[in-house]
Amino acid sequence: MAKKRYDAIIVGGGHNGLICAAYLAKAGRKVLVLERRHVLGGAAVSEEVFPGFTFSVASYVVSLFRPHIIRELELAKHGYEIIPMDCSFLPLPDGDSLARWADPNRSRDEISRFSRKDAEIYPEFSRIMTLMGKFVKQIIDRPAPDIASTRPGDLADLLRLGKAFRSLGPDLLHMNLKLMTMSAVDFLDLWFESDTLKAPMSVSGIIGTFQGVRSPGTAYVLLHHYMGELDGAFRSWGFSKGGTGGVSMACARAAMGYGAEIRTEAPVAGLRIKNGAASGVILGNGDEIDARIVVSNLDPRRTYLGLAGAEHFDPEIVKQIGRYKYRGSSGKVNLALDRAPEFSCRPGTGDHIRGDIAIAPGIDYLERAFDEAKYGAFSKRPYINVVIPSLTDPTLAPPGKHVMSCFVQYAPYNINEGAENWPAQREAFGDAVVDTLAEYIPGFKDIILHRQVLTPWDLEQTMGLTEGNIFHGELSLEQLLFQRPVAGYAKYTTPVRNLWMCGSGTHPGGGIMGSGGELAAKTILKNRALS
Amino acid sequence: MTTHDVIIIGGGHNGLTAATLLATEGKKVLLLERRDFVGGVAAQEEFHKGYRTAGLLHDTSTVRAGIIEQLKLRTHGLVVSEHRSPVTLLSDDGRAVTISDDPVTSAQNIASISQKDADAYRDYRKFIDSVRPLIRNLVSSQPPDIRKLGFSDLKKLLGAGVGLRRLGKDLMHELLKVLPMSVADFLNERFETDFIKAGICFPGVFSSYNGPWSSYTTLNLLIWEATANVHMEGGPAALIHALRKGAEEAGVEMRTGAGVDRILLDESGRAVGVKATGGESFRSRIVASAIPPKATFLNLLSSEQIGPALEAEIIRFRDRGTVASLRLALNRPIRWKCEPEQPIRFARTGNSFDQMEQAFDAVKYRRFSDRPVLDIHVPTVATPGLAPEGHEVVTILSHFAPYAPDGGWTDPLRNKLRDTIVAALSDQTVDLESSIVASELLTPAVLEERYGLTGGQLFHGEHAIDQLIGRPVPACATYSTPTPGLYLCGSGSYPGGGITGAPGMLAAEVIAREIL
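Predicted model only: the values in this text are computed from it and were never measured.

Trainee: Whenever I open this one, the domain arrangement of chain B confuses me. Can you help?
Mentor: Where interface size is quoted, it is often the accessible area lost as the parts come together. All names here are of chain B. Looking at the assigned domains, one finds that chain B contains domain 1 (3-41 + 234-317 + 463-514), domain 2 (102-204 + 218-223) and domain 3 (323-402 + 404-442). For domain 2 versus domain 3, the distance between C-alpha centres works out to 29 Å. Facing the 13 residues of domain 2 at the interface are eleven residues of domain 3. With both chains or domains summed, domain 2 and domain 3 bury close to 820 Å², and 79% of this area falls on carbon and sulfur atoms. Considering only the side of domain 2, the residues that lose the most area to domain 3 are Asp-194, Ala-198 and Phe-202, jointly responsible for 57% of the buried surface there. Across the contact surface, domain 2 and domain 3 share zero salt bridges. Our enumeration of links across domain 2 and domain 3 arrives at two residue pairs in polar contact (both at pLDDT 80 or more). Put simply, the parts of the chain that give the side of domain 2 that touches domain 3 at least two residues each are helix H7 (183-188) and helix H8 (194-205). In terms of residue count, H8 provides more of the side of domain 2 that touches domain 3 than any other element does, nine residues in total. Grouping the constituent residues of the side of domain 2 that touches domain 3 by class yields nine nonpolar, two polar and two charged.

Trainee: Would you mind showing me how to read the interface of chain B and chain A here?
Mentor: Listed per partner, the contact involves 37 residues of chain B and 41 residues of chain A. Both faces considered, chain B and chain A share a buried interface measuring about 3,600 Å² in area, 50% of it formed by carbon and sulfur atoms. Counting across the interface, chain B meets chain A through twelve salt bridges. In this structure, the salt-bridge partner of A:Lys325 is B:Asp185, at a minimum N-O distance of 3.8 Å.

Trainee: Would you take a moment to explain the domain arrangement of chain A for this structure?
Mentor: All names here are of chain A. Partitioning chain A into structural domains gives domain 1 (5-45 + 64-82 + 242-325 + 467-526), domain 2 (102-235) and domain 3 (326-466). The straight-line distance from the C-alpha centre of domain 1 to that of domain 2 is 28 Å. If you look at the interface, domain 1 gives 26 residues, while domain 2 gives 23 residues. Of the roughly 2,100 Å² buried where domain 1 meets domain 2, counting both sides, 64% is carbon and sulfur surface. It is Leu-64, Phe-482 and Lys-491 in domain 1 that bury the most area against domain 2; as a group they hold 26% of the surface buried on that side. Counting across the interface, domain 1 meets domain 2 through two salt bridges. One salt bridge in this structure joins Lys-491 and Asp-154, with 2.6 Å as the shortest N-O distance. Counting only elements with at least two residues in the side of domain 1 that touches domain 2, the list comes to helix H2 (67-72) and helix H16 (515-526). Of the residues contributing to the side of domain 1 that touches domain 2, the split by class is 16 nonpolar, seven polar and three charged.

Reading the values: the criteria
- Residues numbered from 1 in each chain as written.
- Chains lettered and ligands numbered in written order.
- Predicted model: local features only at pLDDT ≥ 70, side-chain atom pairs only at ≥ 80, totals over all residues.
- Heavy atoms only, no water.
- Domains from an automatic or database assignment.
- Contact = heavy atoms within 4.5 Å.
- Buried area = accessible area lost by both parts, 1.4 Å probe.
- Salt bridge = Lys/Arg side-chain N within 4 Å of Asp/Glu carboxyl O.
- Polar contact = N/O pair within 3.5 Å; in protein donor to acceptor, adjacent residues only side chain to side chain.
- Helix = DSSP H or I, 4+ residues; strand = E, 2+ residues; numbered from the N terminus.
- Nonpolar A, V, L, I, M, F, W, Y, C, P; charged D, E, K, R; others polar.

Take a look at the structure:
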């Protein structure tokens, strides 16, 4: 059989890899996607973990997905469907609770029980954040120019950015500076007085990062989570129908529709690199496949040091890749429930538990959870973000039964005894989560049928997320923009010719955005690497 | 009633600097100081009969060269050398290492602990040297006005950009990489010995609401490293002595025991003078405040006078004090466990990033640290006259302590804090307790009351990026304020706190232009 030669091989079938494949295939390129696991989607995956119970095993809500990608790849045609969430619910240990709704009037009424002043200013806060989000969109929807570059293209991009900054006006410019550098709590303190309101708001600043709500720099991630945009409406979150894997499957179907080939259970052992240029991949079974370019959907460490190998890079680059920080901080507990849970502070299974539910009863609580993790233990009383998607998508569980997804922070990858000791602590970690929830949900333990506990170690082992970091590397300023992952190689290229990157470890970073895949593909096509 | 050109509120080192610079240009300047002596946080104080400090703050290494020259401080008796003072980094296990201005001897000292760290220290200082001109220039020049972003502001930003580009691509990338980092990440990449790392990082978290694991602390460390390059015999008190003489010679009229009650505005809203707490009013063309921004706007002006927008911004200016000061009078020289060859003047404890971070954790919950980290000054080493012969004064800036602990600063709590700090120092010394003649503890709340430091914040406001750029608030970022005739010239303005004189000098330049 004559050896087939592809234009591009995508290593890793996460949502970014699939999107990259779809764009390249749409442009007429011959594309092959290779996925190590038996399922596609990477961290955006649905799996029937227990018979009859389908979970969004890792990533569980969709908010940042770029709408133009949905349009350009016609994802709706391929089954992309989002069920909007319109409540953020905060149960409190004292029997009180706060629900924030998509409907501003309902939110105002709820918030005013804690602070009339905060209720009044809440819409203004949303307005400013939306403005900032629109500004940041200009940054995330294009490759990041290198500040140190003197290339005309970069200079033009920098100038354009400078103009955009200036157009914000002085007040928003300074607000932007605050957002980029302040802690989530300090930033919220500028607006609000109620701890009960600020605590659940501040957590969006810490998702996936090894920082506390009082750590400088977390306000930015708060914005990252405020850019959620569904069907053009800002700050809308939702569940993918059939679980988060539905997003990936829509991308995969789009890619295949454009002619891409996708193989699962096809682990890549390494690259073929000759004279500093990649020319294909070597599979785990020894097979070799030729390609004009290879695009890695893996994180930077796996791409540079695993796939390619340190020997192909200048030692300085190896050092830079080595200093890129992961430090996963979160775990996931997926529960199959016999019936819908009811919170003692607000019984019933109504709309208030159909969105996301935050166990975040105060800023000190959240900060204490972080303090424990800082010194190498998982939080005994963690921040938990709970969703019960089967309440709005009954296809996920048998009739009357439910799936509950708990995103848990902090579970530091580097626990005191060393990351490889996570398996020994896995169940204790799961117990801490269940015990915490049981304080809010009477009889909770009795309705748990099955439990899946994923520590950062497990996320690394099963999904290839280095150190369990769900964003392929921390979203701290020195790892964003032209420095993601390494200055000089932030525009999806690597020092190895014909080796490209398209994952969350590239600009603009993690979350189900699709931008890495999209921008990588567009850069590749523009670069004429495949012309 | 006589009219002055300028009234300066507050006789700290920045107030004195601004006053003297303006007087030197022939302006008629009146300086009003609430306390009975000038100097603010740099003033000498007798805290027990016969025992005096060299200032609440210890560090004079970042006083700008331009000030020493322009104010002719040497001719006023100040002994200055262009080498920062050696500082000894102490470990709880009795090890110690002294680092000084000279990278070679510092590295030699470090080599006795770790050869890797000795090499790393030389590289570290080389890195500092390479970015020093850029950073020093930035924090000694007029800040851009981010509200206007006019031609000259853009030029300034561009100038900074050009300076950055002049570093070359690799160095520029490296600087931009490390600036947002935590000092722990920054130094962990370079060094291996815990207590050396902790000691080196101290200026990055000094007087901040940050621990070593907090992002952006490297920025503060680099600013200090790039500007700390002088040593003054006699410390802050000697600086104040020279500044006062300079002010007198320049013809500044100084009144002490003269607090200000109100800033007076005319019908058009222009500042035209001040009313002192004694009831007396003084007129001037310009009023410049060297006291913290919150005190200036919230205490000396009314809500109506400053308007709701500015008031809201000023209220949001973060000034959380996190440092307590302890002064100790000892009846004999302090004896260090590390048995140094030379008497120690400056020392820092810290032990490890985790221990420092834990010390910081406490203030988040409105408690003070059980194991505080100490910035220690032994002024009697250089100036024996501060204590009776053979006796010693030790002053400590202890991190971290909250401004408002739950339940307030009660006597038992104050005593407990004093004992905690003494215990931490005892870990480094021999028979400390038996040598203590007297002590004075200043909690952040006392710092506010005594020095007028709002929130107990030593820098008049925290050094966070958003409070360094557009300091204290965008509307007042270039020393002028929305109130015509009212200026700021203290540590609450660019480039911030510490004993630098830079805000006083830069404000004086702006004010001099205004009244030409």
